[in-house]
Amino acid sequence: MAAEVGGFEDPSAEVLAEAAAAFGLLASSARLHIVWALAQGESDVTGLAERVGGALPAVSQHLTKLKLAGLVRSRREGRRQVYFVDDPDVVTVVRLMVGQLTDRAGRNGRASDRAAQGSPRRIRGLGV
């Protein structure tokens, strides 16, 4: 039974499970970096590996997972496979989250200090 609070009805269990799976894929910093890079423009796996600093086989595996989840698409150009994010909503979510955290880090400088110390940043109010 879906509850309605503040004019919004709760999403179905299936929708929540699908969203959790998508966020789970983006919980990897490597995959998030790949989606971020593809949100700026399409690329082949070699260009992505160079940009994100990953090994070619690892980037290829990440792309396969993102593609299977429907977060990334590809097309063939000759012998190259070109990857891109075809869903503007995925781009919006990634840009919003990364942009917000970048702004916060710039304002208080603490996020980069914590990252250097290996301590994860806690998101206020979420307990994560």
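Each value, and the rule that gives it
Residues numbered from 1 in each chain as written. Predicted model: local features only at pLDDT ≥ 70, side-chain atom pairs only at ≥ 80, totals over all residues. Heavy atoms only, no water. Pairing = 2+ DSSP bridges. Helix = DSSP H or I, 4+ residues; strand = E, 2+ residues; numbered from the N terminus. Core = buried A, V, L, I, M, F, W, Y, C linked by side-chain atoms within 4.5 Å. Buried < 20%, exposed > 50% of the residue type's maximum accessible area, 1.4 Å probe, protein only. Contact = heavy atoms within 4.5 Å. Salt bridge = Lys/Arg side-chain N within 4 Å of Asp/Glu carboxyl O.

Considering the sheet that holds strand E4 (residues 73-77)
Next, step 1: The strand order E3-E5-E4 describes an open sheet built from three strands, whose pairing is antiparallel. Pairing within the sheet leaves two strands with one partner each, and these edge strands are strand E3 (43-44) and E4.
Next, step 2: Relative to strand E5 (residues 80-84), E3 runs antiparallel, the two being bridged by two bridges. When the bridges of E5 are listed, Ser-43 appears paired with Tyr-83.

A short note on the nonpolar core
Next, step 1: In this structure, Ile-34, Val-35, Leu-38, Leu-63 and Val-72 are the most contacted members of the largest nonpolar core, which totals 20 residues.
Next, step 2: Those elements giving two or more residues to this core turn out to be helix H1 (13-26), helix H2 (29-40), helix H3 (45-52), helix H4 (56-68) and helix H5 (88-108).
Next, step 3: Sorting elements by how many residues they give to this core places H2 first, with five residues.
Next, step 4: Discounting chain neighbours no more than four positions away, the residues touching Ile-34 are Leu-48, Val-52, Val-59, His-62, Leu-63 and Leu-66.

Some details on the pattern of salt bridges
Next, step 1: If you walk through the whole model with that rule in mind, you get five salt bridges.
Next, step 2: Between Glu-77 and Arg-75 there is a salt bridge; the shortest N-O distance is 2.8 Å.
Next, step 3: The class for Glu-77 is partly exposed, based on a relative accessible area of 34%.
Next, step 4: Its relative accessible area of 32% is what places Arg-75 among the partly exposed residues.

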